[in-house]
Amino acid sequence: MNFLTFILMRIDRFEDIQAWQKSRELCVEIYTLLNKARTDDSFEKQMKRAVVSVMNNIAEGFERKSNNEMRYFFFVAKGSCGEVRSMLYLAEYLHILEKAVAEELRNKAEHISRMLSNFIKTL
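Summary of the structure given here. (Residues numbered from 1 in each chain as written. Predicted model: local features only at pLDDT ≥ 70, side-chain atom pairs only at ≥ 80, totals over all residues. Heavy atoms only, no water.)

With that out of the way, let us pick up the overall build of the protein. A tally of helices and strands in the protein yields five helices and zero strands. Scanning the protein from its N terminus toward the C terminus, one meets helices and strands in the order α-α-α-α-α. Against the compact-globule benchmark of 14 Å for 123 residues, the protein has a radius of gyration of 15 Å, which places it among compact chains. The C-alpha extent of the protein, read off along each of the three principal axes, is 50 × 20 × 20 Å. Every one of the 123 residues in the protein was classed for burial, and the buried ones make up 42%. Of the roughly 7000 Å² of accessible surface on the protein, a fraction of 50% belongs to carbon and sulfur atoms. Where the 19 positive side-chain charges of the protein centre and where its 17 negative ones centre are 3 Å apart. (Helix = DSSP H or I, 4+ residues; strand = E, 2+ residues; numbered from the N terminus. Rg over C-alpha atoms; globule rule 2.2 N^0.38 Å. Buried < 20%, exposed > 50% of the residue type's maximum accessible area, 1.4 Å probe, protein only. Areas by Shrake-Rupley, 256 points an atom, 1.4 Å probe, with all protein chains shown as cover. Lys, Arg positive; Asp, Glu negative; His and termini not counted. Charge placed at Lys NZ, Arg CZ, Asp CG, Glu CD.)

As structure tokens, this is what we get:
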């Protein structure tokens, strides 16, 4: 039995993947904060696209039901985690978000990235 078969036996839906659950939570947090923050439209849109990309690529990769495609989409999600972290530095430096808030969100994005790395290694 290959790994994908094993995973699919234990996980029926992408919603059951812990990395997806964590990325959904991060997405809601960032949306909520940005909706309250004073920022320019392009920054806000790019940040939101990046954080949504994490959860959507996890979902799409899982639904493809192929090790290679799942790996590809999980790598894309991992890359989007990096983009989110980068933009959180900028949000901190531009005083859009407080340092402690940006740092906490970066830590969450990094945790999701590590979860995806572990998943990718097993594929």
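We now examine the environment of Leu 90. Examined against the element boundaries, Leu 90 turns out to sit in helix α4 (residues 67-93). With a relative accessible area of 37%, Leu 90 lands in the partly exposed category.

For Ser 23, the location among the structural elements is in helix α2 (residues 18-36). Here Ser 23 is in contact with Val 54, Met 55, Ile 58 and Ile 112, once residues within four sequence places are set aside. (Contact = heavy atoms within 4.5 Å.)

Turning our attention to the environment of His 95. Mapped onto the elements of the fold, His 95 is located in the loop between α4 and α5 (99-122). The spatial distance from the C-alpha of His 95 to the C-alpha of Ala 37 is 9.6 Å, given a sequence separation of 58 residues.

The next point concerns the packing of α2 against helix α3 (residues 41-64). Any two packed helices are characterised by the angle at which their axes cross and by the distance between the axes. Here α2 crosses α3 at 165°, and the two axes come no closer than 9 Å. Comparing their axes, α3 and α2 come out roughly antiparallel. Note on packing geometry: the crossing formed by α2 with α3 is left-handed. When α2 is examined against α3, the residues Ala 19, Trp 20, Ser 23, Arg 24, Leu 26, Cys 27, Ile 30, Tyr 31, Leu 34 and Asn 35 are found in contact with a partner set consisting of Phe 43, Glu 44, Met 47, Lys 48, Val 51, Val 52, Val 54, Met 55, Ile 58 and Ala 59. The residue inventory of the contact of α2 with α3, partitioned by class, reads 15 nonpolar, two polar and three charged. (Axes fitted to C-alpha atoms, helices over the stretch in contact; angles between N-to-C directions. Parallel < 35°, antiparallel > 145°, perpendicular 65-115°, else oblique. Left-handed = near helix turned anticlockwise from the far one by under 90°. Nonpolar A, V, L, I, M, F, W, Y, C, P; charged D, E, K, R; others polar.)

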